[in-house]
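Architecture at a glance
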Amino acid sequence: MDDRDDHLMRCFSSAFPGATRDEIRAAKTFDAIPGWDSLRMLNLAVVLDEEFGVQIASLGSLELYPFDKVKQCLTQRGLTSTDQPMS
Amino acid sequence: MNLIDALERVNLPVAAHSLRVFLACGFTPLHLETFLAAHLREFNPAWRIELNSGLFGDLIGNLERMQPEEHDALAVVIEWPDLDSRLGLRTLGGWQVEKLPDIVKSVNQSLERLTRALQRIASALPICICLPTLPLPPLFYTGMRQSSVFELGLRRNLASFAEDLSVGRRVSVVSEQHLDENSPPGKRFDLRTDIAQGFPYKIFHAAQLGELLAELIYRQGSKKGLITDLDDTLWAGILGEVGPEGICWQLEQHAQIHGIYQQFLASLASAGILIAAASKNDATLVDHAFERDDLLLSKASVFPIEAHWRRKSESVQHILTTWNVLPESVVFVDDSPMEVAEVQSAFPEMECLVFPRDDYPAFWGMLGHLRNRFAKIDISDEDALRLQSIRNSDLSWKRVGEDSLDDFLQQADGQLTFAFGKPADDSRAFELLNKTNQFNLNGKRYDEAARAKFVKDSETCLLTVSYQDKFGKLGRIAVLIGRPSTKRFIVESWAMSCRAFSRRIEFHCLQYIFEKFAVDEIVFELQNTNRNAPLMTFLQQLVDWPIEANPQLPKSSFLRKAPKMPHHIEEEPASG
């Protein structure tokens, strides 16, 4: 697991404290993550903004393994963390 | 603290003790709730934070419906829409000129309702209130650069509301100045999340406000004393070089910050904070310097004054012994980084600060920092007596050897006054429990929430003890919390001021309990805090066996071991 993967997992875990890392990774949609609710989604959105400086439009509608989708999104934007701001 | 840190802290495994806080606000508490809970857990990881808030958009109704007995503390966050929804952006009630007087009138009515609701709760619960932190919308015709008469009226009524409530010590109002310094007013409001989620704060503002509310709910204990250097600290100049007339602290001599510092220390001293001086100097010269009548800190407010050429840490040790306080309760200030390092190395627990004589922003920061370190909720009679009683102790009691203690105590005309009661606003009693380390049964601290719990518990009682003798008054110097049971009395907390040592007051306390409750045994909820050796030693001398957790003291053993008790006893009627 690289640093960004670990950092992203920390973001997801903080927003969904009832879910294990495997459950987060294996969830096909956000609402399949144990403990999902709209408040936790808001927390995740703010945490991603704070940690990576990125606002992902329609975050909640990302489907098919949202953890990987968010990671892919960060990769496409060349982001690692807020101390390496988006280009 | 970022949101991810706050969430991780809140998500830590639940702790045994719960702290039930009602967060009253008219908006969705969302991240403010997370930050408040996270900071409360940071202050005390042993707490499980149970945060409740009421219905969205009904701050005053939530307070009117709230059951104080179900909570330990209340945080109220008021924003303009809570006082009149037309001052918010989620409803469209109109800002026409003719409506402005009615908005002011309606805000006043809301403030009256709020006052009634909070007065009902304040008798049972500690409350902290935050007045509106967000800008008023652009509804006044005078423009944004000028305060309209309506805006000024709103702010005047709000200030009056806060002033009336803060007169009672159980209501704390968040300092707007402090919040402004830490969360710039222009960067607090988030219109997007206000409209989309009903949460009007930027994350940074939520984090700052959450921390501030947690600090007011938690209230860390304040320090007891400050030890200051003299040359180039209390005054400008080297006394040995320029003499008593050459030192200065005034504007025209470019030494104003030393005058401000003197004024600040005099203010601390007047609030009962102990002030001492430690200086590598000629003692006679220092005496002469303190005789100058333009000094803003009088010699009477500084005790002891250690002036010699030995190490600073030696002076500090002597001051601590005279005050009978622990290093962690004291702040040391000196302009020399080397002296600060030497004292810091001898007393790692002590906060040691370099006096920033050439750095105005740092000096300003230091004053604010020190004011927070010595913060008090209110000033008690004992605060005025503290320094004088230490002086008296130093002059009279310390000269007495153990052999002659009996005679000396007998001649001192000591009088102890015992009072039972449960007054909710007895700040001195809880201050003693919270600040005393050496003669403290278990180090148990009583924050506002614990105090509220204690007041509600009908089984426990509070005993306070005051002392005076021919050398002067010590005021209230001991506090004991306990509960009678069949044939025994269980002591939950017990603390005695270090100023009252060597007077056998502790023996009198136990004798009083044996007699008052007619019990055969006293049980102590003792815990070794590594700092309460004086209390452990005291208990050990009363029994023939090694004391352990929750030791029991039979009356027979106490009567056999206790020395002659010299003081007159008076009892005050129970109150509270």
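Here the structure is shown first, and the text comes after it.
Computed from a predicted structure; not experimentally measured.

About the cut-offs
- Residues numbered from 1 in each chain as written.
- Chains lettered and ligands numbered in written order.
- Predicted model: local features only at pLDDT ≥ 70, side-chain atom pairs only at ≥ 80, totals over all residues.
- Heavy atoms only, no water.
- Contact = heavy atoms within 4.5 Å.
- Buried area = accessible area lost by both parts, 1.4 Å probe.
- Salt bridge = Lys/Arg side-chain N within 4 Å of Asp/Glu carboxyl O.
- Polar contact = N/O pair within 3.5 Å; in protein donor to acceptor, adjacent residues only side chain to side chain.
- Helix = DSSP H or I, 4+ residues; strand = E, 2+ residues; numbered from the N terminus.
- Nonpolar A, V, L, I, M, F, W, Y, C, P; charged D, E, K, R; others polar.
- 1 Å grid on protein atoms, 1.4 Å probe; cavity = no way out; pocket = protein on both sides within 12 Å on 5 of 7 lines; lining within 4 Å.
- Points joined across faces, edges and corners; volume = space filled by probe spheres on them.
- Buried < 20%, exposed > 50% of the residue type's maximum accessible area, 1.4 Å probe, protein only.
- Arc of directions from axis to C-beta.
- Pairing = 2+ DSSP bridges.

Moving on: the interface of chain A and chain B. At the junction of the two partners, chain A supplies 13 residues and chain B supplies 11 residues. Around 1100 Å² of area is buried between chain A and chain B when both sides are counted, 61% of it from carbon and sulfur atoms. The interface formed by chain A and chain B holds two salt bridges in total. The tally of links between chain A and chain B comes to five residue pairs in polar contact (both at pLDDT 80 or more). Among the secondary structure elements, those contributing two or more residues to the side of chain A that touches chain B are α1 (3-15) and α3 (38-52) of chain A. When residues of the side of chain A that touches chain B are assigned to their parent elements, the largest contribution, seven residues, is made by α3(A). Among the residues making up the side of chain A that touches chain B, the classes are represented as seven nonpolar, three polar and three charged.

Residue and element names in this part refer to chain B. Across all of its chains, the model carries four cavities of 30 Å³ or more by this definition. There is about 260 Å³ of room inside the largest cavity. Residue lining of the largest cavity: 24 residues in total, with Lys224, Val325, Arg386, Ser497 and Cys498 positioned closest to the centre. Broken down by secondary-structure element, the contributors of at least two residues to the lining of the largest cavity are α16 (381-395) and α18 (427-435). Per-element accounting of the lining of the largest cavity gives the leading share, four residues, to α18. Per-class residue counts for the lining of the largest cavity are 11 nonpolar, six polar and seven charged.

Turning our eyes to something else, we now look at helix α12 (residues 283-290) of chain B. Residue and element names in this part refer to chain B. For α12, every residue scored as buried is listed here: Val286, Ala289 and Phe290. Each buried residue of α12 lies within a common arc of 95 degrees when the element is viewed along its axis, so the set occupies one face. Those residues of α12 that are buried are in contact with α10 (239-242) and β8 (305-308). The N-cap residue of α12 is Asp282: its side-chain oxygen and the backbone nitrogen of Thr284 are 3.0 Å apart.

Turning our eyes to something else, we now look at the pairing of strand β6 (residues 225-228) of chain B. Residues and elements named next belong to chain B. Burial along β6 is two-sided: the residues Gly225 and Ile227 and Leu226 and Thr228 are all buried. Relative to strand β7 (residues 274-280), β6 is paired through four bridges, and the arrangement is parallel. Residue pairing in the sheet places Leu226 in a bridge with Ile275 of β7. Two strands pair when backbone bridges link them, and β6 and strand β9 (residues 330-334) are joined in this way by four bridges, in the parallel orientation.

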